[in-house]
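What follows is the residue order along each chain.
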Amino acid sequence: MHVILQVYQTPTWLQQNNCGLYSMPSDLNAWSSIAAQYVQHMDATFPGIVTDYEIWNEPNVSLCVPAGALP
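### A few points about the overall build of the protein chain
Here is step 1: Across its full length, the protein chain carries one helix and two strands.
Here is step 2: Sequence-ordered secondary structure for the protein chain, helices as α and strands as β, is β-α-β.
Here is step 3: Counted over contacts in the protein chain with a minimum sequence separation of 6, partners at least 24 positions apart contribute 56%.
Here is step 4: Total accessible area on the protein chain stands at roughly 5300 Å², and carbon and sulfur atoms take up 56% of it.

Below you can see the structure in the form of structure tokens.
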């Protein structure tokens, strides 16, 4: 058995207006930095416990993207 740790939902300070937990992050560089720091912390604090990480991109609800945010 292996442990996979999922990063789920957008932090409140990176949520886009009117989208809440399921919004596309307003700053993808900040979000990727958070994910990298999280992995580094878990690997340093609990070496060998978590074998895989995943940013869950398919929540059971629609991912909210404000109108005009995509090309």
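Alright, that's what it looks like, and here's the rest.
### With respect to a nonpolar patch on the surface
Here is step 1: Residues Val3, Phe46 and Ile49 make up a contiguous nonpolar surface patch of about 260 Å² in total accessible area.
Here is step 2: You can see Ile49 is positioned in the loop between helix H1 (28–45) and strand S2 (50–55).

### Here we look at the environment of Thr51
Here is step 1: Tracing the backbone shows Thr51 in strand S2.
Here is step 2: Residues Thr51 and His2 lie 49 residues apart in sequence; the distance between their C-alpha atoms is 6.2 Å.
Here is step 3: With residues up to four places along the chain from it excluded, the contact list for Thr51 reads His2 and Val3.

Definitions and limits used
Residues numbered from 1 in each chain as written. Predicted model: local features only at pLDDT ≥ 70, side-chain atom pairs only at ≥ 80, totals over all residues. Heavy atoms only, no water. Helix = DSSP H or I, 4+ residues; strand = E, 2+ residues; numbered from the N terminus. Contact = heavy atoms within 4.5 Å. Areas by Shrake-Rupley, 256 points an atom, 1.4 Å probe, with all protein chains shown as cover. Patch = residues over 30% accessible without salt bridge, like charges linked within 9 Å, V, L, I, M, F, W, Y side chains within 5 Å. Salt bridge = Lys/Arg side-chain N within 4 Å of Asp/Glu carboxyl O.

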